[in-house]
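# A closer look at the structure
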Amino acid sequence: YQTFGVTYDYDIDDFFFLAADYYASPASKLLHQYLSPESGGDEPMPDAFIVNGKLSDDLSVIADKSKIYRVRVVNVAAFSMFKITVDGMPLKIIEIDGQMVVPFS
């Protein structure tokens with residue numbers, strides 16, 4: 001894979017995380033709640049998070065530090081944003097929303 005003249009080699013290709021939020025209430029109720037003056041503009045809190053089709057409140061993956069992984073994270077949530085951390089290994093961003101970027105850590 002090449003971006004901005006730099007070639008990236010990785011041992012494990014296309015490791016996907018598909019992240020979503022789940023609301024037990026219908027969208028019409030959530031929208032009414034969100035637009036009401038009482039909400040203060042705060043988005044409704046999801047009842048659960050779904051990662052790769054499974055309910056999850058935390059997702060931990062054991063990785064081999066001797067390998068280079070290409071990880072793709074797709075946020076398909078209605079309202080939620082997710083914080084991604086990589087503990088104990090370097091992380092280099094090479095693409096955002098399908099667009100190559102100048103790589104940064």
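Please read all numbers here as calculations on a predicted model, not as lab measurements.

Following the sequence through the fold, Val 76 ends up in the loop between strand 6 (69-75) and strand 7 (93-96). Its relative accessible area of 46% is what places Val 76 among the partly exposed residues. Linking Val 76 and Asp 21, residues 55 residues apart in sequence, is a C-alpha distance of 7.9 Å. If near-sequence neighbours (up to four positions away) are discounted, Val 76 is found in contact with Leu 18, Ala 19 and Ala 20.

Let's shift gears to the packing of aromatic side chains. All chains considered together, the criterion is met by four aromatic pairs. Measuring from ring centre to ring centre gives 6.2 Å for Tyr 23 and Phe 79, while their planes differ by 85°; the resulting arrangement is edge-to-face. Here Tyr 23, found in the loop between strand 3 (12-22) and helix 1 (27-35), pairs with Phe 79, found in the loop between strand 6 and strand 7; they are 56 residues apart in sequence, far enough to count as distant. Under the relative-accessibility criterion, Phe 79 is labelled partly exposed at 31%. Judged by centre distance (5.4 Å) and plane angle (70°), the rings of Phe 49 and Phe 82 are edge-to-face. One end of the pair, Phe 49, is in strand 4 (residues 48-51); the other, Phe 82, is in the loop between strand 6 and strand 7, and 33 residues separate them in sequence. Clustering of aromatic rings is evident, with ring pairs tying together Tyr 23, Tyr 34 and Phe 79.

As paired elements, strand 4 and strand 5 (residues 54-56) share three bridges and run antiparallel to each other. Bridging from a neighbouring strand, Ile 50 pairs with Leu 55 of strand 5. The hairpin formed by strand 4 and strand 5 contains two residues between the paired strands, and Asn 52 there has a positive phi angle of roughly 50°.

Criteria and cut-off values
- Residues numbered from 1 in each chain as written.
- Predicted model: local features only at pLDDT ≥ 70, side-chain atom pairs only at ≥ 80, totals over all residues.
- Heavy atoms only, no water.
- Helix = DSSP H or I, 4+ residues; strand = E, 2+ residues; numbered from the N terminus.
- Buried < 20%, exposed > 50% of the residue type's maximum accessible area, 1.4 Å probe, protein only.
- Contact = heavy atoms within 4.5 Å.
- Phe/Tyr/Trp six-rings, centres within 6.5 Å; stacked < 30°, edge-to-face > 60°.
- Pairing = 2+ DSSP bridges.

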